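# Reading the structure
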Amino acid sequence: MPFMLKPNPRTCNTIDMIMDWNVKQVIADCQKMYYGANDPYVTGYVNWPCKQDLYRVKFAVDEMLKNISSFTGEEEWLEQLEKEKVWKALKK
């Protein structure tokens with residue numbers, strides 16, 4: 001694997017674009033929607049809007065990713081994530 005610099009966690013690219021989002025918070029918000037959609041103590045009337053919100057996020061992200069070019073190392077990074085996902089599933 002070629003040497004790759006790790007990105008600065010406070011910037012997004014070499015021109016130091018300020019990242020004013022927090023990936024952990026975005027994921028945490030999606031997890032709230034997930035738990036809301038799976039809450040066994042409420043009815044589907046309450047669960048369904050939570051799942052709809054997850055779909056809205058998914059469709060928005062899918063559309064954005066479709067319109068972004070590929071980057072060097074992206075394929076390898078995605079393969080690594082996929083391997084980690086498989087190992088996590090096998091450990092269950």
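Owing to the predicted nature of the structure, the values given are computational and were not obtained by experimental measurement.

Another aspect to go through is the confidence of the model for the protein. Model confidence for the protein is summarised by a mean pLDDT of 87, while 83% of its residues fall at 70 or above. For residues 1-5, every residue scores under 50 in pLDDT, and the model assigns this stretch one contact once sequence neighbours within four places are set aside.

If you roll a probe as big as a water molecule over the atoms, it shows you where there is empty space left. One number sums up the size of the second largest pocket: a volume of about 150 Å³. Every residue lining the second largest pocket is listed: E84, K85, K88, A89 and K92.

Packing of helix 1 (residues 23-38) against helix 2 (residues 44-66) leaves a shortest axis separation of 7 Å and a crossing angle of 145°. Two packed elements cross with a definite hand, and for helix 1 against helix 2 that hand is left-handed. Packed against helix 1, whose contacting residues are C30, M33, Y34, G36, A37 and N38, the element helix 2 presents N47, C50, K51, D53, L54 and V57 at the interface. Along the lines of polarity and charge, the residues of the contact of helix 1 with helix 2 split into seven nonpolar, three polar and two charged.

About the criteria used
Residues numbered from 1 in each chain as written. Predicted model: local features only at pLDDT ≥ 70, side-chain atom pairs only at ≥ 80, totals over all residues. Heavy atoms only, no water. pLDDT = per-residue confidence, 0-100. Contact = heavy atoms within 4.5 Å. 1 Å grid on protein atoms, 1.4 Å probe; cavity = no way out; pocket = protein on both sides within 12 Å on 5 of 7 lines; lining within 4 Å. Points joined across faces, edges and corners; volume = space filled by probe spheres on them. Axes fitted to C-alpha atoms, helices over the stretch in contact; angles between N-to-C directions. Helix = DSSP H or I, 4+ residues; strand = E, 2+ residues; numbered from the N terminus. Left-handed = near helix turned anticlockwise from the far one by under 90°. Nonpolar A, V, L, I, M, F, W, Y, C, P; charged D, E, K, R; others polar.

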